[in-house]
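# A look at the structure
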Amino acid sequence: MRFAATPLATSGTIALSGTANVGSIRGETSASILTGDINANGTIGFASGGNGQYGALRNAGGNINLIARSGGITLTTANLPGFFLASGSTGVNVGSVFARDIALLSTNTITAQTLLAGVVFSPTGAITGATGRTLLANSAMLPTGAMPGSINPNALFAATPIATGGSVSVLGAGLAGRFTSVSNGPMTGGTIVGFTTLDV
């Protein structure tokens, strides 16, 4: 089962231009990663030594895990039914993320446009609640050498949060059942709602 094996990192840049339609996709490099849009039926997982820059990621049946060990993460949008993780050592900057659970981790600044975790809609399309979890914290919460697909979201969300060293900004809406943000810098937000718990 070649595709079930743990990836061995390439030393060069991974670049995917245009739109990729795949079952699932995994990649690891000690350099940087640059992709366009990716539509997947299964998981999407990338780990880079340098920066990771991603277009619109859509996942019909799994998780999306993005890790930049010594760089930052930028993302246009992500839409998936599972667990979304973006961990960038030098910063995380994402657009809109719609997922069951969301974790944005960095030692530096975290910026997001919209974060919707496990939102519940009425028959007319109005948001009536949320059951998911959102965590904005330090990338030190991940084990050293953590790989996409190896991170247990329940253990991550149950752990004591470690504050990021920079600021946290949610420019639009941040909706979740449990919303947690810990930072040494200021936290600013638009509409932030934790329908069960809000810790900021």
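Placed above this text is the structure.
These notes cover the structure that comes with them. (Residues numbered from 1 in each chain as written. Predicted model: local features only at pLDDT ≥ 70, side-chain atom pairs only at ≥ 80, totals over all residues. Heavy atoms only, no water.)

Quick look at the side chain of S106 now. Mapped onto the fold, S106 is located in the loop between strand 10 (101-105) and strand 11 (110-117). For S106, a relative accessible area of 0% translates into the label buried. Separated by 2.7 Å, the side chain of S106 and the backbone oxygen of G88 make a polar contact. Residues contacting S106, with those up to four places away along its chain left out, are G88, S89, T90, G91, V92, A137, N138, S139 and T164. (Helix = DSSP H or I, 4+ residues; strand = E, 2+ residues; numbered from the N terminus. Buried < 20%, exposed > 50% of the residue type's maximum accessible area, 1.4 Å probe, protein only. Polar contact = N/O pair within 3.5 Å; in protein donor to acceptor, adjacent residues only side chain to side chain. Contact = heavy atoms within 4.5 Å.)

Once that is clear, we can look at the pattern of salt bridges. Where charged atoms of side chains with opposite charge meet at close range, the side chains can pair. Under the defined criterion, the tally for this structure stands at three salt bridges. Taking the shortest distance from any N to any O, the salt bridge between R69 and E28 comes out at 3.8 Å. Placement of R69 in the loop between strand 6 (64-68) and strand 7 (72-79) and of E28 in strand 2 (residues 25-29) is noted, with a sequence separation of 41 residues between them. Between D101 and R133 there is a salt bridge, with the nearest N and O atoms lying 3.0 Å from each other. Within this pair, whereas D101 is found in strand 10, its partner R133 is found in strand 14 (residues 133-137), the two being separated by 32 residues in sequence. Note on accessibility: D101 and R133 belong to one class, buried. Through salt bridges with shared partners, a single network forms among R100, D101 and R133. (Salt bridge = Lys/Arg side-chain N within 4 Å of Asp/Glu carboxyl O.)

Attention shifts here to the packing of aromatic side chains. Taken as a whole and judged by the stated rule, the model has two aromatic pairs. Ring centres of F46 and Y54 lie 5.6 Å apart, and the angle between their planes is 35 degrees; on these two criteria the pair is classed as tilted. By relative accessible area, Y54 is classed as buried at 3%. Measuring from centroid to centroid gives 6.1 Å for F83 and F157, while their planes differ by 75 degrees, and the two rings are edge-to-face. Residue F83 is found in strand 8 (residues 83-88), and its partner F157 is found in helix 1 (residues 153-158); the two are separated by 74 residues along the sequence. (Phe/Tyr/Trp six-rings, centres within 6.5 Å; stacked < 30°, edge-to-face > 60°.)

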